Amino acid sequence: MSPFDPSDTINALYGLVDMGSNGIRFSISDLSPPRSRLLQCVYRERAGISLYDALHESAPDSKPFHFSKKTILKVAETLARFKSICDGYGVYERNISVFATEAMRTAENRDEMLGAIKTASGLTVDILSPGMESMFGAMGARSGFEHVDGLFMDLGGGSVQMTYVNSSTEVTYDILAAEAAKSMPFGAAKLTEVLTSKGDSHEAKKELKATMKETFEGLVDRFPKLKEQAHHDHGITIYFCGGGFRGYGSMLMHTDPIQPYPIPAIGGYSAPGNRFINWREMLRTNNYEESKIFGMSKRRREQFPAIVTVVQALVEAVPKVKKVIFCSGGNREGVLYMKLPPQVRESNPLGLLPGGHTLSKSIIEGVTGTLISSLTPGYPNIFSREILNYVSKHIWLDMGDPDDANSAKALHNPISGPLAGLPGMTHEIRAVLALILCSRWGSDLGPGDRRRAENLQALIGHELGWWCQYIGSVAQSLAIIVPAPPSSEKTIGNVVSFHPSTSHGLGKKGHKVGIRLKIDIAASARNGLSVKSLEDLYSKVGKGLKTDWKVEAEVAE
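Everything quoted here is computed from the prediction, not taken from an experiment.

Asks: Lay out the sheet that holds strand β4 (residues 96-100) with the relevant residues and their values.
Replies: Reading across from one edge, β3-β2-β1-β4-β5 is the order of the five strands in this open sheet, with mixed pairing throughout. Each end of this open sheet is capped by a strand with a single partner; those strands are β3 (40-47) and β5 (125-127). Going from strand to strand, the sheet's axes swing by 20 degrees on average, the running direction of each strand aside. Pairing geometry for β4 and β5, over three bridges, is parallel. Across the sheet, the residue bridging to Ala100 is Ile127, located in β5.

Asks: With reference to specific residues and values, describe the environment of Ile238.
Replies: Among the secondary structure elements, Ile238 is positioned in strand β9 (residues 236-241). A residue is classified by how much of its surface remains accessible, and Ile238, at 0% relative accessible area, is buried. Leaving out residues up to four positions away in the same chain, Ile238 has contacts with Leu151, Met153, Leu314, Val321, Lys323, Val324 and Ile325.

Asks: With reference to specific residues and values, describe the sheet that holds strand β14 (residues 550-555).
Replies: The three strands lie next to each other as β12-β13-β14, forming an open sheet whose pairing is mixed. The sheet terminates laterally at β12 (496-506) and β14, the two strands that pair on one side only. On average, adjacent strands in this sheet sit at an angle of 25 degrees to one another, irrespective of strand direction. Pairing geometry for strand β13 (residues 512-521) and β14, over six bridges, is parallel. In the strand pairing of β14, Arg516 is matched with Glu552.

Asks: I'd like a description of helix α12 (residues 279-288), backed by residues and values.
Replies: When α12 is considered as a whole, its buried residues turn out to be Trp279, Met282, Thr285 and Asn286. All buried residues of α12 project into a common sector of 125 degrees when viewed along the axis, lining one side. Opposite the buried face of α12, by more than 90 degrees, sit the exposed residues Arg280 and Tyr288. Each element contacted by the buried residues of α12 is listed here: α10 (243-254), α11 (273-276), α13 (298-302) and α14 (304-317).

Asks: Describe the packing of aromatic side chains, naming the residues involved and giving the relevant values.
Replies: In total, this model carries 18 aromatic pairs according to the counting rule given. Here Tyr164 and Phe223 contribute two aromatic rings whose centre-to-centre distance is 4.9 Å and whose plane-to-plane angle is 50 degrees, an arrangement assigned as tilted. With Tyr164 in strand β7 (residues 160-166) and Phe223 in the loop between α8 (198-222) and α9 (224-230), the pair connects residues that are 59 residues apart, well separated along the chain. Grouping residues by exposure puts Tyr164 and Phe223 together as buried. Here the aromatic residues Phe240, Phe245, Tyr248, Tyr261, Tyr269, Phe276, Phe304 and Phe326 are joined through ring pairs into a cluster of three or more. Lying across the ring of Trp441, Arg440 places its NZ or CZ 3.5 Å from the centre.

Asks: Please give an account of helix α19 (residues 403-416) that cites residues and values.
Replies: The α-helix winds at 3.6 residues per turn, so residues separated by three or four positions along the chain end up facing the same way. Between the first and last C-alpha of α19 there are 19 Å, a value that for 14 residues agrees with the 20 Å anticipated at 1.5 Å per step. What α19 keeps buried is the set Asn406, Ser407, Ala410, Leu411, Asn413, Pro414 and Ile415. Where the residues of α19 are buried, they touch α18 (385-394), α20 (427-440) and α21 (447-460).

Asks: Go over empty space enclosed by the protein, please, and point to the residues and values.
Replies: Tallying each qualifying case throughout the model produces one cavity of 30 Å³ or more. Roughly 30 Å³ of volume is contained in the largest cavity. If you go around the largest cavity, the residues you meet are Ser134, Gly137, Ala138, Phe152, Met153, Asp154, Gln161, Met162, Thr163 and Cys241. At the level of elements, α5 (130-142), β6 (149-155) and β7 are the ones that each hand at least two residues to the lining of the largest cavity. Split by residue class, the lining of the largest cavity holds five nonpolar, four polar and one charged.

Rules used throughout
- Residues numbered from 1 in each chain as written.
- Predicted model: local features only at pLDDT ≥ 70, side-chain atom pairs only at ≥ 80, totals over all residues.
- Heavy atoms only, no water.
- Pairing = 2+ DSSP bridges.
- Helix = DSSP H or I, 4+ residues; strand = E, 2+ residues; numbered from the N terminus.
- Axes fitted to C-alpha atoms, helices over the stretch in contact; angles between N-to-C directions.
- Buried < 20%, exposed > 50% of the residue type's maximum accessible area, 1.4 Å probe, protein only.
- Contact = heavy atoms within 4.5 Å.
- Arc of directions from axis to C-beta.
- Phe/Tyr/Trp six-rings, centres within 6.5 Å; stacked < 30°, edge-to-face > 60°.
- Lys NZ or Arg CZ within 6 Å of the ring centre and 35° of its normal.
- Expected span 1.5 Å × (residues − 1).
- 1 Å grid on protein atoms, 1.4 Å probe; cavity = no way out; pocket = protein on both sides within 12 Å on 5 of 7 lines; lining within 4 Å.
- Points joined across faces, edges and corners; volume = space filled by probe spheres on them.
- Nonpolar A, V, L, I, M, F, W, Y, C, P; charged D, E, K, R; others polar.

So, in structure tokens, the structure goes:
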């Protein structure tokens, strides 16, 4: 695999090809500093070539575990195409990595395939060991978050991997995860074939359950923190990657209580354990729903009974599942992630999100400090400094555009805009960013977007929804008091200060609790300012939410 040089900003494009059992995936990513940690993909493509199916063709001249001449030619031509795309983007050949997994490991004429690829494209293929495949899959899934702690599982066409990753315990947690990783020969494509044979089906299920249980118990014995979680009432968090598990996640999303589900991407979607273990409902939906299910191809739906069989074995092996999180990253992201220096790998991707006004770091920190000063002690910790820094960068963005346009842009940006494909965000964080910045513009939304906003609020719950409206209102009031982007870190502090306190006796009848917010504004910023309009901004906080919390704002004389 090609190394990464953080000082080389000219040759920062990397091409990767993952020759999986169910398909061949290709991507080009930009690792340019300072946003190397985001593993930003600039091009992606998938060739629908199932190497697993190619090894088990039923043609008269086919041989078991042998690629046909036709398949070898098709794969070689596909790799040549990918190489030409890399050339078009200016990717240096030394920055192109090609790796293969279970299907290539088991192919008896893999050398013939490797030679054809080399001749057609000039590229060399690395055949990953099961342990390396497990590590890259786990690290690719891990790359989407700041910290992780749980089981990591990858379900491909030929195999399923399991390991444990806790990024907060050991500096070498990635090596520990790789050493402990186990690969089980029960991929979605392979298991689909076995399940169609009644004679082999029972034995395969029995072996899968025994292997899954043995693998999990081996990890429990190896990692004390996992053992503690296994015996705790809360249970274990499981992170999933790979097409098979993402298919199960798509079915969970399709049957989610919040409908229509407001975020299309599977990466960052989570579900509680009690929904995850209800595999019978997922299987019934797949069997009886004739309409298209988002995120599920025809092939994935055909393989879904096999996917459910793996989930069933997992549910029986793990005592209690706390929640499951589906990851967009996989082997390719894992390869890129492991190229980065340790200090870059362990940095928080939320602090690197692009976009916003071009303010200096000190000014952004100053604005964020003012936002934090408006919050009462004990506010939810999801509102991290990185989240609030992002809000600060967007307060003065597009001030010339109408509020309704800015509200819509703010709502969609984390969901289907520039942030949609970037790591660091669960669906909860995406919803929080969308709702805060939408509130900054008064949540002036059309009917379709209003429904999406309501569903985002349902996703995070009424408490977080209330805080999003409140922080958005503070951001809106800052832009009214200081209409131009601050020119120094002292600009905001010299003009406005917030003094919040938790209070009872709020509302018209004095029966509600919430925040009493005193706002001090410098005389120089009061000219022509409507104090009543500013105070009334906060009266909308909590509107549409099932909460009795209120905000009463008062501009000091």
